[in-house]
Amino acid sequence: MIDARGLSCPQPVIMVADALKSGEAEYTVMVDAVTPKENVTRYAESHGYSVSVAEADGEFTLTLKK
Amino acid sequence: MTSAKKDKVIIIVAGLIIGVIATLLVVAGNPKNMGFCIACFIRDTAGGLGLHRAAPVQYIRPEIIGIVIGAFVCALAKKEFSPRGGSAPMTRFTLAFCAMIGCLMFLGCPFRMVLRMAGGDLNALVGFVGFIAGILVGVVFLKKGFSLKRTYKMNTSEGVILPVVEVVLFALLLAAPAFIFFSEEGAGPGAMHANVWLSLFAGLIVGALAQRTRLCMVGGIRDVVLFKESRLLLGFAAIFASALIVNLILGFVNFGFTEQPVAYNDGLWNFLGLFLVGFACCLLGGCPLRQLVMSGEGNVDSAVVVLGLLLGAAFCHNFGLASSGEGPTPAGKIAVIAAIVVVALIGLVNSRKKEA
(Lines give C-alpha, C1' and ligand atoms only; values in the text may rest on other atoms or scores of the structure.)
Protein backbone atom coordinates (compact mmCIF):
# COMPACT_ATOMS: atom_id res chain seq x y z
CA MET A 1 0.00 0.00 0.00
CA ILE A 2 1.56 3.25 -1.18
CA ASP A 3 0.08 6.37 0.38
CA ALA A 4 0.88 9.33 -1.85
CA ARG A 5 -2.06 11.47 -0.73
CA GLY A 6 -1.22 15.16 -0.56
CA LEU A 7 1.98 14.74 -2.52
CA SER A 8 2.39 16.45 -5.86
CA CYS A 9 4.10 15.12 -8.93
CA PRO A 10 6.65 13.78 -9.51
CA GLN A 11 6.77 12.37 -5.95
CA PRO A 12 3.88 9.87 -6.22
CA VAL A 13 5.37 8.46 -9.42
CA ILE A 14 8.83 8.19 -7.83
CA MET A 15 7.29 6.26 -4.92
CA VAL A 16 5.49 3.92 -7.29
CA ALA A 17 8.60 3.49 -9.45
CA ASP A 18 10.62 2.52 -6.36
CA ALA A 19 7.94 0.12 -5.21
CA LEU A 20 7.57 -1.59 -8.59
CA LYS A 21 11.23 -2.62 -8.38
CA SER A 22 10.21 -5.36 -5.94
CA GLY A 23 8.21 -6.89 -8.81
CA GLU A 24 5.06 -7.93 -6.97
CA ALA A 25 1.91 -8.80 -8.90
CA GLU A 26 -0.34 -6.29 -7.18
CA TYR A 27 0.00 -2.85 -5.57
CA THR A 28 -2.44 -0.41 -4.06
CA VAL A 29 -1.73 3.31 -4.44
CA MET A 30 -3.67 6.16 -2.85
CA VAL A 31 -3.59 9.68 -4.28
CA ASP A 32 -5.91 12.66 -3.85
CA ALA A 33 -5.56 14.63 -7.06
CA VAL A 34 -6.22 14.05 -10.72
CA THR A 35 -2.69 14.75 -11.98
CA PRO A 36 -0.94 12.09 -9.84
CA LYS A 37 -3.79 9.69 -10.64
CA GLU A 38 -3.08 10.15 -14.35
CA ASN A 39 0.69 10.08 -13.97
CA VAL A 40 0.77 6.96 -11.79
CA THR A 41 -1.64 5.23 -14.18
CA ARG A 42 0.50 6.16 -17.17
CA TYR A 43 3.67 4.96 -15.47
CA ALA A 44 2.16 1.67 -14.30
CA GLU A 45 0.60 0.91 -17.68
CA SER A 46 3.88 1.55 -19.45
CA HIS A 47 5.45 -0.95 -17.06
CA GLY A 48 3.03 -3.76 -17.81
CA TYR A 49 0.42 -3.25 -15.11
CA SER A 50 -3.28 -2.82 -15.62
CA VAL A 51 -4.82 -0.13 -13.43
CA SER A 52 -8.28 0.12 -11.94
CA VAL A 53 -9.37 3.25 -10.10
CA ALA A 54 -11.90 3.66 -7.30
CA GLU A 55 -12.86 7.18 -6.27
CA ALA A 56 -14.31 8.14 -2.93
CA ASP A 57 -14.54 11.59 -1.43
CA GLY A 58 -11.97 13.17 -3.76
CA GLU A 59 -9.44 10.43 -3.10
CA PHE A 60 -8.42 7.80 -5.60
CA THR A 61 -7.43 4.25 -4.82
CA LEU A 62 -5.49 2.73 -7.69
CA THR A 63 -5.08 -1.02 -7.95
CA LEU A 64 -2.13 -2.05 -10.09
CA LYS A 65 -2.15 -5.62 -11.37
CA LYS A 66 0.46 -7.43 -13.44
CA MET B 1 -5.22 4.48 -30.38
CA THR B 2 -4.09 3.74 -26.82
CA SER B 3 -4.81 6.36 -24.18
CA ALA B 4 -1.08 7.10 -23.81
CA LYS B 5 -0.82 7.80 -27.55
CA LYS B 6 -3.98 9.90 -27.49
CA ASP B 7 -2.56 11.97 -24.61
CA LYS B 8 0.55 12.60 -26.66
CA VAL B 9 -1.43 13.71 -29.70
CA ILE B 10 -3.50 16.06 -27.53
CA ILE B 11 -0.48 17.74 -25.96
CA ILE B 12 1.20 18.12 -29.36
CA VAL B 13 -1.90 19.81 -30.78
CA ALA B 14 -2.14 22.06 -27.71
CA GLY B 15 1.54 22.96 -28.03
CA LEU B 16 1.15 23.79 -31.71
CA ILE B 17 -1.79 26.10 -30.93
CA ILE B 18 0.11 27.78 -28.07
CA GLY B 19 3.15 28.37 -30.31
CA VAL B 20 0.96 30.06 -32.93
CA ILE B 21 -0.83 32.22 -30.36
CA ALA B 22 2.49 33.29 -28.82
CA THR B 23 3.91 34.36 -32.17
CA LEU B 24 0.74 36.16 -33.25
CA LEU B 25 0.82 38.16 -30.01
CA VAL B 26 4.11 39.62 -31.25
CA VAL B 27 2.38 40.66 -34.48
CA ALA B 28 -0.32 42.23 -32.33
CA GLY B 29 2.21 44.32 -30.41
CA ASN B 30 4.01 42.28 -27.75
CA PRO B 31 7.84 42.55 -27.66
CA LYS B 32 9.73 40.27 -30.06
CA ASN B 33 10.20 36.66 -28.99
CA MET B 34 7.95 37.60 -26.05
CA GLY B 35 4.45 36.68 -27.10
CA PHE B 36 4.45 35.05 -23.72
CA CYS B 37 6.91 35.24 -20.88
CA ILE B 38 5.59 34.42 -17.45
CA ALA B 39 8.57 35.96 -15.66
CA CYS B 40 8.67 39.14 -17.77
CA PHE B 41 4.92 39.60 -17.54
CA ILE B 42 4.81 39.11 -13.78
CA ARG B 43 7.72 41.57 -13.59
CA ASP B 44 5.77 44.07 -15.74
CA THR B 45 2.76 43.58 -13.50
CA ALA B 46 4.91 44.26 -10.42
CA GLY B 47 5.95 47.49 -12.16
CA GLY B 48 2.37 48.36 -13.08
CA LEU B 49 1.48 48.08 -9.40
CA GLY B 50 4.40 50.32 -8.48
CA LEU B 51 6.24 47.58 -6.56
CA HIS B 52 9.30 48.60 -8.55
CA ARG B 53 9.87 51.84 -10.46
CA ALA B 54 11.77 50.64 -13.53
CA ALA B 55 9.99 52.85 -16.09
CA PRO B 56 10.56 50.57 -19.15
CA VAL B 57 8.79 47.55 -17.63
CA GLN B 58 5.48 48.63 -16.11
CA TYR B 59 2.21 47.16 -17.37
CA ILE B 60 -0.44 44.87 -15.90
CA ARG B 61 -0.22 42.00 -18.40
CA PRO B 62 -3.62 40.51 -19.24
CA GLU B 63 -1.95 37.29 -20.44
CA ILE B 64 -1.09 36.38 -16.83
CA ILE B 65 -4.64 37.15 -15.69
CA GLY B 66 -6.00 35.08 -18.57
CA ILE B 67 -3.84 32.06 -17.80
CA VAL B 68 -4.98 31.92 -14.17
CA ILE B 69 -8.64 32.51 -15.01
CA GLY B 70 -8.55 30.14 -17.99
CA ALA B 71 -7.12 27.39 -15.80
CA PHE B 72 -9.59 28.24 -13.01
CA VAL B 73 -12.65 28.01 -15.28
CA CYS B 74 -11.38 24.84 -16.94
CA ALA B 75 -10.65 23.20 -13.59
CA LEU B 76 -14.12 24.14 -12.32
CA ALA B 77 -15.79 22.79 -15.46
CA LYS B 78 -13.86 19.50 -15.23
CA LYS B 79 -14.45 19.23 -11.48
CA GLU B 80 -10.71 19.43 -10.92
CA PHE B 81 -10.80 22.62 -8.88
CA SER B 82 -9.43 21.46 -5.56
CA PRO B 83 -8.29 23.95 -2.92
CA ARG B 84 -5.19 22.58 -1.21
CA GLY B 85 -2.06 23.92 0.38
CA GLY B 86 0.20 23.84 3.39
CA SER B 87 3.21 22.19 1.80
CA ALA B 88 6.15 24.33 2.94
CA PRO B 89 4.77 27.71 1.81
CA MET B 90 7.74 29.78 2.98
CA THR B 91 10.21 27.43 1.30
CA ARG B 92 8.20 27.61 -1.91
CA PHE B 93 8.09 31.39 -1.68
CA THR B 94 11.88 31.47 -1.35
CA LEU B 95 12.42 29.06 -4.25
CA ALA B 96 10.14 31.20 -6.42
CA PHE B 97 12.00 34.35 -5.42
CA CYS B 98 15.28 32.66 -6.43
CA ALA B 99 13.77 31.39 -9.69
CA MET B 100 12.78 34.95 -10.60
CA ILE B 101 16.36 36.14 -10.01
CA GLY B 102 17.44 33.49 -12.54
CA CYS B 103 14.70 34.43 -15.04
CA LEU B 104 15.63 38.09 -14.94
CA MET B 105 19.31 37.24 -15.30
CA PHE B 106 18.50 35.32 -18.49
CA LEU B 107 15.64 37.68 -19.49
CA GLY B 108 12.90 35.14 -19.73
CA CYS B 109 11.17 32.18 -18.17
CA PRO B 110 11.43 28.70 -19.74
CA PHE B 111 8.42 29.54 -21.94
CA ARG B 112 10.20 32.57 -23.38
CA MET B 113 13.37 30.48 -23.70
CA VAL B 114 11.47 28.27 -26.16
CA LEU B 115 10.10 31.32 -28.00
CA ARG B 116 13.57 32.89 -28.15
CA MET B 117 15.01 29.70 -29.64
CA ALA B 118 12.14 29.69 -32.15
CA GLY B 119 13.16 33.24 -33.11
CA GLY B 120 16.72 32.11 -33.85
CA ASP B 121 18.24 33.55 -30.64
CA LEU B 122 21.17 31.20 -30.01
CA ASN B 123 21.78 32.73 -26.58
CA ALA B 124 18.59 30.95 -25.55
CA LEU B 125 20.15 27.69 -26.71
CA VAL B 126 23.02 28.31 -24.28
CA GLY B 127 20.41 29.09 -21.62
CA PHE B 128 18.60 25.86 -22.52
CA VAL B 129 21.75 23.85 -21.77
CA GLY B 130 21.91 25.58 -18.38
CA PHE B 131 18.20 24.88 -17.85
CA ILE B 132 18.72 21.16 -18.49
CA ALA B 133 21.75 21.13 -16.18
CA GLY B 134 19.72 22.80 -13.41
CA ILE B 135 16.93 20.26 -13.77
CA LEU B 136 19.44 17.38 -13.69
CA VAL B 137 20.79 18.68 -10.39
CA GLY B 138 17.21 19.00 -9.12
CA VAL B 139 16.51 15.42 -10.17
CA VAL B 140 19.46 14.23 -8.07
CA PHE B 141 17.77 15.80 -5.05
CA LEU B 142 14.40 14.25 -6.00
CA LYS B 143 16.09 10.86 -6.17
CA LYS B 144 17.61 11.44 -2.76
CA GLY B 145 14.10 11.85 -1.38
CA PHE B 146 13.67 15.63 -1.58
CA SER B 147 10.16 16.49 -0.42
CA LEU B 148 8.32 19.61 0.69
CA LYS B 149 5.82 17.33 2.46
CA ARG B 150 2.18 16.90 1.75
CA THR B 151 -0.60 19.37 1.09
CA TYR B 152 -3.91 19.46 2.90
CA LYS B 153 -7.42 20.29 1.80
CA MET B 154 -8.37 23.94 2.27
CA ASN B 155 -11.65 25.81 2.22
CA THR B 156 -12.95 26.82 -1.19
CA SER B 157 -12.48 30.50 -0.33
CA GLU B 158 -8.73 29.91 0.14
CA GLY B 159 -8.36 28.56 -3.38
CA VAL B 160 -10.48 31.29 -4.94
CA ILE B 161 -8.51 34.25 -3.60
CA LEU B 162 -5.80 34.37 -6.29
CA PRO B 163 -8.25 34.06 -9.22
CA VAL B 164 -10.32 36.86 -7.65
CA VAL B 165 -7.20 39.01 -7.25
CA GLU B 166 -6.50 38.48 -10.96
CA VAL B 167 -9.99 39.78 -11.81
CA VAL B 168 -9.33 42.83 -9.63
CA LEU B 169 -6.03 43.37 -11.46
CA PHE B 170 -7.89 43.31 -14.76
CA ALA B 171 -10.35 45.91 -13.44
CA LEU B 172 -7.40 48.08 -12.38
CA LEU B 173 -5.90 47.71 -15.85
CA LEU B 174 -9.12 48.84 -17.52
CA ALA B 175 -9.81 51.65 -15.04
CA ALA B 176 -6.16 52.78 -15.11
CA PRO B 177 -6.26 54.90 -11.94
CA ALA B 178 -3.34 57.27 -11.31
CA PHE B 179 -1.56 54.85 -8.94
CA ILE B 180 -1.14 52.23 -11.67
CA PHE B 181 2.03 52.70 -13.72
CA PHE B 182 2.24 52.25 -17.49
CA SER B 183 5.51 52.40 -19.43
CA GLU B 184 5.35 55.33 -21.81
CA GLU B 185 5.43 54.78 -25.56
CA GLY B 186 8.99 53.94 -26.63
CA ALA B 187 10.23 53.54 -23.04
CA GLY B 188 10.82 49.80 -23.36
CA PRO B 189 9.17 46.36 -23.43
CA GLY B 190 6.43 47.43 -20.99
CA ALA B 191 5.07 49.84 -23.59
CA MET B 192 4.85 47.10 -26.21
CA HIS B 193 1.68 45.13 -25.88
CA ALA B 194 -1.21 43.72 -27.83
CA ASN B 195 -4.75 44.95 -27.34
CA VAL B 196 -5.95 44.31 -23.78
CA TRP B 197 -8.84 42.05 -24.75
CA LEU B 198 -6.77 40.14 -27.27
CA SER B 199 -4.07 39.54 -24.65
CA LEU B 200 -6.67 38.40 -22.15
CA PHE B 201 -8.24 36.05 -24.68
CA ALA B 202 -4.85 34.59 -25.62
CA GLY B 203 -4.12 34.02 -21.93
CA LEU B 204 -7.47 32.32 -21.38
CA ILE B 205 -6.85 29.88 -24.24
CA VAL B 206 -3.30 29.10 -23.14
CA GLY B 207 -4.40 28.74 -19.50
CA ALA B 208 -7.16 26.33 -20.48
CA LEU B 209 -4.91 24.26 -22.78
CA ALA B 210 -2.14 24.14 -20.18
CA GLN B 211 -4.62 23.08 -17.51
CA ARG B 212 -5.98 20.23 -19.60
CA THR B 213 -2.56 18.97 -20.71
CA ARG B 214 -0.54 19.75 -17.50
CA LEU B 215 1.98 21.40 -19.83
CA CYS B 216 5.23 22.18 -18.01
CA MET B 217 8.65 23.06 -19.39
CA VAL B 218 10.49 21.77 -16.30
CA GLY B 219 8.38 18.63 -16.15
CA GLY B 220 9.21 17.96 -19.80
CA ILE B 221 12.90 17.47 -19.15
CA ARG B 222 12.43 16.00 -15.67
CA ASP B 223 10.03 13.24 -16.72
CA VAL B 224 12.29 12.11 -19.54
CA VAL B 225 15.22 11.83 -17.13
CA LEU B 226 13.29 10.28 -14.24
CA PHE B 227 10.74 8.08 -15.97
CA LYS B 228 11.65 8.07 -19.70
CA GLU B 229 8.23 9.69 -20.16
CA SER B 230 8.21 12.05 -23.14
CA ARG B 231 4.64 13.39 -23.09
CA LEU B 232 5.34 16.82 -21.52
CA LEU B 233 8.49 17.27 -23.58
CA LEU B 234 6.41 16.80 -26.74
CA GLY B 235 4.25 19.77 -25.74
CA PHE B 236 7.38 21.83 -25.31
CA ALA B 237 8.72 20.67 -28.72
CA ALA B 238 5.39 21.43 -30.39
CA ILE B 239 5.44 25.04 -29.11
CA PHE B 240 8.96 25.41 -30.49
CA ALA B 241 8.03 23.89 -33.86
CA SER B 242 4.91 25.95 -34.49
CA ALA B 243 6.48 29.20 -33.21
CA LEU B 244 9.49 28.57 -35.48
CA ILE B 245 7.31 27.93 -38.51
CA VAL B 246 5.14 31.01 -37.94
CA ASN B 247 8.28 33.08 -37.29
CA LEU B 248 9.79 31.83 -40.56
CA ILE B 249 6.63 32.68 -42.49
CA LEU B 250 6.55 36.17 -40.98
CA GLY B 251 10.28 36.71 -41.50
CA PHE B 252 10.90 37.11 -37.73
CA VAL B 253 13.74 34.60 -37.53
CA ASN B 254 17.22 36.01 -37.02
CA PHE B 255 19.75 33.27 -36.29
CA GLY B 256 22.69 34.39 -34.22
CA PHE B 257 23.98 35.61 -30.89
CA THR B 258 23.88 39.35 -31.50
CA GLU B 259 21.12 41.83 -32.32
CA GLN B 260 18.58 39.67 -30.49
CA PRO B 261 15.48 41.33 -29.04
CA VAL B 262 15.50 41.84 -25.25
CA ALA B 263 18.54 39.58 -24.85
CA TYR B 264 22.34 39.80 -24.46
CA ASN B 265 25.12 37.47 -25.53
CA ASP B 266 27.13 36.69 -22.38
CA GLY B 267 26.98 32.89 -22.49
CA LEU B 268 28.04 32.21 -18.91
CA TRP B 269 25.23 34.27 -17.42
CA ASN B 270 22.59 33.05 -19.83
CA PHE B 271 23.64 29.55 -18.77
CA LEU B 272 23.72 30.27 -15.02
CA GLY B 273 20.46 32.24 -15.08
CA LEU B 274 18.51 29.32 -16.48
CA PHE B 275 20.52 26.80 -14.47
CA LEU B 276 19.10 28.54 -11.40
CA VAL B 277 15.57 28.51 -12.88
CA GLY B 278 15.77 24.81 -13.78
CA PHE B 279 17.12 23.86 -10.36
CA ALA B 280 14.64 25.95 -8.33
CA CYS B 281 11.61 25.01 -10.45
CA CYS B 282 12.52 21.32 -10.37
CA LEU B 283 12.32 21.49 -6.57
CA LEU B 284 9.06 23.46 -6.86
CA GLY B 285 7.59 20.75 -9.11
CA GLY B 286 6.86 22.98 -12.08
CA CYS B 287 7.85 25.91 -14.26
CA PRO B 288 6.32 29.39 -13.76
CA LEU B 289 3.59 28.65 -16.34
CA ARG B 290 2.59 25.47 -14.54
CA GLN B 291 2.56 27.34 -11.20
CA LEU B 292 0.13 29.91 -12.62
CA VAL B 293 -2.10 27.12 -13.90
CA MET B 294 -2.02 25.22 -10.60
CA SER B 295 -2.86 28.41 -8.71
CA GLY B 296 -5.97 28.57 -10.90
CA GLU B 297 -6.76 24.96 -9.92
CA GLY B 298 -6.92 26.04 -6.28
CA ASN B 299 -3.38 25.10 -5.31
CA VAL B 300 -2.52 27.69 -2.68
CA ASP B 301 1.12 26.63 -2.55
CA SER B 302 1.36 27.62 -6.21
CA ALA B 303 -0.40 30.89 -5.41
CA VAL B 304 2.36 31.52 -2.86
CA VAL B 305 4.88 30.75 -5.61
CA VAL B 306 3.22 33.38 -7.81
CA LEU B 307 3.60 35.89 -4.96
CA GLY B 308 7.25 34.87 -4.60
CA LEU B 309 7.80 35.49 -8.30
CA LEU B 310 6.05 38.88 -8.04
CA LEU B 311 8.06 40.05 -5.06
CA GLY B 312 11.25 38.57 -6.49
CA ALA B 313 10.72 40.60 -9.66
CA ALA B 314 10.16 43.78 -7.66
CA PHE B 315 13.37 43.22 -5.68
CA CYS B 316 15.33 42.40 -8.84
CA HIS B 317 14.55 45.82 -10.27
CA ASN B 318 14.78 47.75 -7.00
CA PHE B 319 18.21 46.24 -6.27
CA GLY B 320 19.48 46.38 -9.86
CA LEU B 321 19.70 42.60 -10.22
CA ALA B 322 17.80 42.32 -13.51
CA SER B 323 19.75 42.19 -16.75
CA SER B 324 18.93 44.31 -19.77
CA GLY B 325 19.76 44.08 -23.46
CA GLU B 326 23.17 45.52 -22.49
CA GLY B 327 23.96 42.49 -20.35
CA PRO B 328 23.93 41.33 -16.74
CA THR B 329 24.66 43.65 -13.82
CA PRO B 330 27.40 43.01 -11.21
CA ALA B 331 24.76 42.86 -8.47
CA GLY B 332 22.72 40.43 -10.57
CA LYS B 333 25.71 38.08 -10.88
CA ILE B 334 26.21 38.05 -7.12
CA ALA B 335 22.49 37.46 -6.60
CA VAL B 336 22.41 34.51 -9.02
CA ILE B 337 25.34 32.81 -7.24
CA ALA B 338 23.78 33.48 -3.84
CA ALA B 339 20.42 32.18 -5.04
CA ILE B 340 21.99 28.96 -6.39
CA VAL B 341 23.52 28.43 -2.93
CA VAL B 342 20.15 29.08 -1.26
CA VAL B 343 18.35 26.61 -3.56
CA ALA B 344 21.06 23.99 -2.92
CA LEU B 345 20.68 24.47 0.84
CA ILE B 346 16.90 24.11 0.56
CA GLY B 347 17.50 20.95 -1.45
CA LEU B 348 19.87 19.54 1.17
CA VAL B 349 17.83 20.23 4.26
CA ASN B 350 14.64 18.81 2.70
CA SER B 351 16.22 15.64 1.34
CA ARG B 352 16.14 12.61 3.49
CA LYS B 353 16.09 9.00 2.53
CA LYS B 354 12.37 8.25 2.47
CA GLU B 355 10.60 7.54 5.68
CA ALA B 356 8.31 4.54 5.50
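Residues numbered from 1 in each chain as written. Chains lettered and ligands numbered in written order. Predicted model: local features only at pLDDT ≥ 70, side-chain atom pairs only at ≥ 80, totals over all residues. Heavy atoms only, no water.

**Let's talk about the state of the cysteines**
The bond known as a disulfide is covalent and runs between the sulfur atoms of two cysteines.
All names here are of chain B.
Here comes step 1: Tallying each qualifying case throughout the model produces one disulfide over all chains.
Here comes step 2: Free cysteine Cys281: the closest other cysteine sulfur is in Cys103, separated by 6.3 Å.
Here comes step 3: Its relative accessible area of 2% is what places Cys281 among the buried residues.
Here comes step 4: Summary of cysteine pairing: Cys282 is not part of a disulfide, and the nearest cysteine sulfur, belonging to Cys281, is at 8.9 Å.
Here comes step 5: Accessibility expressed as a relative area gives 1% for Cys282, which makes it buried. (Disulfide = S-S within 2.5 Å. Buried < 20%, exposed > 50% of the residue type's maximum accessible area, 1.4 Å probe, protein only.)

**Some remarks on the side chain of Ser199 of chain B**
Here comes step 1: Positionally, Ser199 of chain B belongs in helix 8 (residues 196–213).
Here comes step 2: Leave out the neighbours within four places in its chain, and Ser199 of chain B touches Leu25, Pro62, Glu63 and Ala194 of chain B. (Helix = DSSP H or I, 4+ residues; strand = E, 2+ residues; numbered from the N terminus. Contact = heavy atoms within 4.5 Å.)

**Topic: the pattern of salt bridges**
Here comes step 1: Considering all chains together, one arrives at 15 salt bridges over all chains under this definition.
Here comes step 2: One salt bridge in this structure joins Lys21 of chain A and Asp18 of chain A, with 3.3 Å as the shortest N-O distance.
Here comes step 3: You can call Asp18 of chain A partly exposed: its relative accessible area is 30%.
Here comes step 4: A salt bridge links Glu297 of chain B to Arg214 of chain B; the nearest nitrogen and oxygen atoms lie 3.9 Å apart. You can see Glu297 of chain B sitting in the loop between helix 12 (288–296) and helix 13 (300–318) and its partner Arg214 of chain B sitting in the loop between helix 8 and helix 9 (217–227), a full 83 residues away along the chain. Both residues of the pair, Glu297 of chain B and Arg214 of chain B, belong to the buried class. (Salt bridge = Lys/Arg side-chain N within 4 Å of Asp/Glu carboxyl O.)

**Some remarks on the environment of Arg212 of chain B**
All names here are of chain B.
Here comes step 1: Here Arg212 lies in helix 8.
Here comes step 2: Separated by 132 residues in the primary sequence, Arg212 and Glu80 have C-alpha atoms spaced 9.9 Å apart.
Here comes step 3: Setting aside chain neighbours within four positions, we find Arg212 in contact with Cys74, Lys78 and Glu80.
Here comes step 4: Engagement of the side chain of Arg212 in a polar contact is seen with the side chain of Gln211, the distance being 3.1 Å. (Polar contact = N/O pair within 3.5 Å; in protein donor to acceptor, adjacent residues only side chain to side chain.)

**Section: the nonpolar core**
Here comes step 1: Membership of the largest hydrophobic core comes to 121 residues, with the highest contact counts inside it found for Leu64 of chain A together with Phe36, Phe111, Phe131, Met217 and Leu289 of chain B.
Here comes step 2: Leave out the neighbours within four places in its chain, and Leu64 of chain A touches Val16, Leu20, Ala25, Glu26, Tyr27, Val29, Ala44, Tyr49, Ser50 and Val51 of chain A.
Here comes step 3: Among the nonpolar cores identified, the runner-up in size contains ten residues, and Ile60, Ile65, Phe170 and Leu200 of chain B belong to it. (Core = buried A, V, L, I, M, F, W, Y, C linked by side-chain atoms within 4.5 Å.)

**What about the packing of aromatic side chains?**
Here comes step 1: For the structure on display, the rule yields twelve aromatic pairs over all chains.
Here comes step 2: With a centroid separation of 5.8 Å and an interplanar angle of 65 degrees, the aromatic rings of Tyr27 of chain A and Tyr49 of chain A are classed as edge-to-face. Here Tyr27 of chain A, found in strand 2 (residues 26–31), pairs with Tyr49 of chain A, found in the loop between helix 2 (34–46) and strand 3 (50–56); they are 22 residues apart in sequence, far enough to count as distant. Here the two residues Tyr27 of chain A and Tyr49 of chain A agree in accessibility, since each one is buried.
Here comes step 3: Aromatic rings pair up to connect Phe141, Phe271, Phe275 and Phe279 of chain B into one cluster. (Phe/Tyr/Trp six-rings, centres within 6.5 Å; stacked < 30°, edge-to-face > 60°.)

**Quick look at the pairing of strand 4 (residues 59–65) of chain A**
Residue and element names in this part refer to chain A.
Here comes step 1: Pairing of strand 2 with strand 4 involves six bridges; the strand directions are antiparallel. Opposite Met30, over in strand 4, you have Thr61 as the bridge partner.
Here comes step 2: Bridge count between strand 3 and strand 4: seven bridges; the pairing is antiparallel. Bridging across to strand 4, Ser50 finds its partner in Lys65. (Pairing = 2+ DSSP bridges.)

**Here's the deal with the side chain of Asp121 of chain B**
Residues and elements named next belong to chain B.
Here comes step 1: Along the polypeptide, Asp121 turns up in the loop between helix 5 (110–118) and helix 6 (122–143).
Here comes step 2: Separated by 2.8 Å, the side chains of Asp121 and Arg116 make a polar contact.
Here comes step 3: Side-chain polar atoms of Asp121 contact the backbone nitrogen of Asn123, separated by 2.8 Å.
Here comes step 4: The residues contacting Asp121, other than those within four sequence positions of it, are Asn33, Arg116, Asn254, Gly256, Gln260 and Ala263.

**Topic: the interface of chain B and chain A**
Here comes step 1: At the junction of the two partners, chain B supplies 22 residues and chain A supplies 19 residues.
Here comes step 2: If you sort the residues of chain B by the area they bury against chain A, Arg150, Arg214 and Phe227 of chain B come out on top, with a joint share of 32%.
Here comes step 3: Across the contact surface, chain B and chain A share four salt bridges.
Here comes step 4: In this structure, the salt-bridge partner of Asp32 of chain A is Arg84 of chain B, at a minimum N-O distance of 3.2 Å.
Here comes step 5: Counting every contact that joins chain B to chain A gives five residue pairs in polar contact (both at pLDDT 80 or more). (Buried area = accessible area lost by both parts, 1.4 Å probe.)

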